[in-house]
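Per-entry structural report
Each chain, written out:
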Amino acid sequence: ILGGYEAKPHLRPYMASLQLDGQHVCGGFLIAEQWVLSAAHCTEGTNGKLFQVLLGAHSLTEPEPHKRLYRVRAQIPHPGSNIHNNRDDLLLLQLEEKAELNAHVKVLPFQREDRDVEADTVCEAAGWGTVTHSGRRPDKLQQVERPVISRDLCNHRTRHDHTITEKMMCTDSRKKDTCKGDSGGPLVCNGVAEGVVTAGSRVCGNYKKPAIYTRIAPYAAWIDGVMASAAR
Ligand SMILES: O=C(O)c1[nH]c2ccc(F)cc2c1NC(=O)[C@H]1C[C@@H]1c1ccccc1
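The structure contained in this document is the topic of the report that follows. Here the residue numbering is sequential within each chain, running from 1 through the sequence in written order. Per-residue local features are limited, in this predicted model, to residues with pLDDT of at least 70; the limit for side-chain atom pairs, both in listing and counting, is 80 or more; totals at the level of whole chains, interfaces and linings are taken over all residues. Values shown for side chains rest on all heavy atoms present in the structure; no hydrogens or waters enter the calculation.

A word on the pattern of salt bridges
For this document, the term salt bridge refers to a Lys or Arg side-chain nitrogen within 4 Å of an Asp or Glu carboxyl oxygen. The tally for this structure, following the rule as stated, stands at 15 salt bridges. One salt bridge in this structure joins arginine 68 and glutamate 97, with 3.0 Å as the shortest N-O distance. Taken together, the positions of arginine 68 in strand 6 (residues 68-77) and glutamate 97 in the loop between strand 7 (91-95) and strand 8 (122-127) put the pair 29 residues apart, joining distant regions of the chain. Exposure classes here rest on a 1.4 Å probe applied to the protein chains alone. A residue is buried below 20% of its type maximum, exposed above 50%, and partly exposed in between. By relative accessible area, which is 30% here, arginine 68 ends up partly exposed. The exposure class of glutamate 97 is partly exposed, given its relative accessible area of 39%. Linked through salt bridges whose partners overlap, the residues forming this network are Asp114, Asp116, Arg151 and Arg215. In this description a helix means any DSSP run of H or I spanning at least four residues, a strand means any run of E spanning at least two, and both kinds are numbered starting from the N terminus.

This is how it looks when you write it as structure tokens:
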């Protein structure tokens, strides 16, 4: 998170850190007791290794009472996701067991009504992604408020030049922005997850390149279908 600040500990109890060999790779969030939603691109550098999912954390390194690392039973990228673009950039992770829910570990509801969030709506993003242009990595969860910008503005040829589909949304990226390592985390508007930070490589903090999120509502049926078919 660029231009943000340290989150109040455990006020975002849905936040997940996707880790490989104890290293934070991407964000994610709890959408059901045994399911975390993140971004498909985050699996690119893992050559088939499964993530571990850290829940209930504020600090990535310090011992905290409700912090717990979960093994992953299955990782299901959206079938339409690919390395060439940001389309369908969603990843479902089934935990080995149901997460123990408490004040520090909670499910975040996601938007099911497929309607654009109005431009200028101020939404929040949080994550353990880079906090400086030089790539400094924070130990504690950071957050930032960002206004939604219209698809038309985001698609301007000097911005993302008509690559933003109706299944994506954008926020202003002037100075304050999501960045590498925040991908997979939720964009929360009025307490509901409306988007997932896309994990394609993108410059951060430059107003000419707004932040891009995968809208969740268009994928509600896919998400429900995967969770229902794997339930046992
Ligand atoms: O965050 C992303 O957008 C993104 N997209 C990817 C694609 C392949 C891939 F192998 C990784 C990623 C990845 N994350 C990262 O590189 C994470 C490792 C870097 C990081 C930044 C800040 C704080 C901690 C760790």
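Some points on the state of the cysteines
The disulfide criterion is simple: two cysteine sulfur atoms within 2.5 Å. Taken as a whole, this structure holds four disulfides when the rule is applied. Cysteine 26 shares a disulfide with cysteine 42; S-S distance 2.0 Å. Around the S-S axis, the bridge from cysteine 26 to cysteine 42 shows a dihedral of about -90° and counts as left-handed. Of this pair, cysteine 26 sits in strand 3 (residues 23-32) while cysteine 42 sits in the loop between strand 4 (35-38) and strand 5 (52-55), and the two are 16 residues apart along the sequence. The two residues cysteine 26 and cysteine 42 agree in class, both being buried. The disulfide partner of cysteine 154 is cysteine 170, and the S-S distance across this bridge is 2.0 Å. Its torsion about the S-S bond being -80°, the disulfide of cysteine 154 and cysteine 170 is classed as left-handed. Remark: cysteine 170 occurs in strand 10 (residues 168-171) and cysteine 154 occurs in helix 1 (residues 151-154); sequence separation between them is 16 residues. One exposure class covers both cysteine 154 and cysteine 170, and it is buried.

With respect to the sheet that holds strand 5
DSSP calls a pair of strands paired once it identifies at least 2 bridges connecting them. Read around the barrel, six strands follow the order 2-3-4-7-6-5 and close on themselves; strand pairing throughout is antiparallel. The average angle at which neighbouring strand axes cross in this sheet is 40°, direction not considered. Here strand 3 runs beside strand 4; their pairing, made up of three bridges, is antiparallel. Bridge assignment links alanine 32 to a residue of strand 4, and that residue is tryptophan 35. Axes here refer to lines fitted to C-alpha atoms; in helices the fit is confined to the stretch in contact. Angles between the N-to-C directions go from 0 to 180 degrees.

Examining helix 2 (residues 220-230)
Listed as buried for helix 2 are Ala220, Trp222, Ile223, Val226 and Met227. Any two residues having at least one pair of non-hydrogen atoms within 4.5 Å are treated as being in contact. Buried residues in helix 2 make contact with strand 3, strand 4, strand 6 and strand 7.

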